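Listed here are the chains, written in short residue letters.
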Number of protein chains: 2
Amino acid sequence: MGKQMTEMLKGTLEGIVLAILAGDPAYGYEITTRLRSKGFPDIAEGTVYAILVRIEQKGLVTVEKRPSEKGPPRKVYSLNAQGEEYLNEFYQTWGFLSERLDQLREEGK
Amino acid sequence: MGKQMTEMLKGTLEGIVLAILAGDPAYGYEITTRLRSKGFPDIAEGTVYAILVRIEQKGLVTVEKRPSEKGPPRKVYSLNAQGEEYLNEFYQTWGFLSERLDQLREEGK
DNA sequence: TACCAGTACATAGTAGCGCTAAGTAGTGAA
DNA sequence: TTCACTACTTAGCGCTACTATGTACTGGTA
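Right, let's walk through the structure included here. (Residues numbered from 1 in each chain as written. Chains lettered and ligands numbered in written order. Predicted model: local features only at pLDDT ≥ 70, side-chain atom pairs only at ≥ 80, totals over all residues. Heavy atoms only, no water.)

1. Some words on the relation of the copies chain B and chain A
Least-squares fitting of chain B to chain A yields an RMSD of 0.0 Å, with the transformation described by 0.0 Å of translation along the axis and a rotation of 180°. Both copies of the chain, as the preceding transformation shows, are related through a two-fold rotation axis. When each C-alpha of chain B is compared by its distance to the rotation axis, Lys10 of chain B comes out closest, at 3.1 Å. Of all interface residues in chain B, 100% are interface residues in chain A too; the two copies therefore contact each other through one and the same surface. (Least-squares fit on C-alpha atoms with pLDDT ≥ 70 in both. Contact = heavy atoms within 4.5 Å.)

See the structure below:
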């Protein structure tokens, strides 16, 4: 993955995962494969699990353990009310940065 | 500054500084004040200087020392060809992420 | 004169985030 | 029994922005 992308994902990948969970609940392995199919082919598994641990500790998700037919039990994550609020803040922060950048880009022309 | 903003600036603040320089050359102190007046009131001076050192080492800018009437000599930074290319890559990466996020946001509704 | 605010640059130390790499564990197919 | 796939975990690393502090020059003012 490009170095710029790696650095830019800091602070945004967490939001992206939350956005995925906002669609519907999912478990780690599933999130990884979804990310990979949706334009982030190089996201490492470890990265996703680290984010899941973090957002659980922050209290943004609820976790439910469900058995799997194909391997170890899954930990299914659902966004809770606090998580939705956090996601909205994330979108706002992103929007703010987008505005500044668009403006700078215009000025630079 | 919000913690989300701090994390999101990782990987973008450097690009923002390059975008400012794309408008016209500037020196560190000036960049800091410009940032503060343009919606980033809490950017620390030290952060800006660290970025300037970095982009100089990466060869994205040329530096010229000019005397100041009001203090120590200024180091004026200008974006060079390599810097412009890097800035374009930055915009592309940003655009890619924007698309993914917009898409996720739509799906989440 | 002495002090302070403003200008201008520099840097050591810290925390957070994503990545690398390696491991554990369960299932089913070759 | 070996391998591939599923599924989760964790230690260590590099990079970035922030905090805090320091240096140095100018001009105003008490």
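Text resumes after the structure shown.
2. Quick notes on the protein's contact with DNA strand D
In the neighbourhood of DNA strand D, 32 residues make up the surrounding shell, with Tyr29, Tyr49, Arg74 and Lys75 of chain A together with Met1 of chain B lying closest. Interatomic distance of 2.8 Å between a side-chain N/O atom of Lys10 of chain A and a base oxygen of DNA strand D. Taking Tyr49 of chain A, its side chain carries an N or O atom lying 2.8 Å from a phosphate oxygen of DNA strand D. At the level of secondary structure, the elements contributing two or more residues to the surface near DNA strand D comprise α1 (3–9), α3 (28–37), α4 (45–57) and β3 (74–79) of chain A together with α1 (3–9), α2 (13–23) and α4 (45–57) of chain B. In terms of residues, the surface near DNA strand D owes the most to one element, α4 of chain B, which gives four residues. (Near = heavy atom within 4 Å. Polar contact = N/O pair within 3.5 Å; in protein donor to acceptor, adjacent residues only side chain to side chain. Helix = DSSP H or I, 4+ residues; strand = E, 2+ residues; numbered from the N terminus.)

3. A closer look at the pattern of salt bridges
Counting across every chain of the model gives 14 salt bridges over all chains. With a shortest N-O distance of 3.2 Å, Lys10 of chain B and Glu7 of chain B are connected by a salt bridge. In this structure, Glu64 of chain B engages Arg66 of chain B in a salt bridge whose closest nitrogen and oxygen atoms are separated by 3.3 Å. Judged by relative accessible area, which is 41%, Glu64 of chain B ranks as partly exposed. Three or more residues joined by partner-sharing salt bridges are found here, namely Glu14, Arg54 and Lys58 of chain A. (Salt bridge = Lys/Arg side-chain N within 4 Å of Asp/Glu carboxyl O. Buried < 20%, exposed > 50% of the residue type's maximum accessible area, 1.4 Å probe, protein only.)

4. Side note on the sheet that holds β3 of chain A
To summarise the sheet geometry, strands pair through backbone hydrogen bonds and adopt either a parallel or an antiparallel arrangement. Residues and elements named next belong to chain A. Spatial ordering of the open sheet is given by β1-β3-β2, a layout of three strands whose pairing is antiparallel. Sheet topology places β1 (26–27) and β2 (61–66) at the edges, where each strand pairs with a single neighbour. One ladder, built from two bridges, connects β1 with β3; its direction is antiparallel. Along β3, the bridge assignment pairs Ala26 with Tyr77. (Pairing = 2+ DSSP bridges.)

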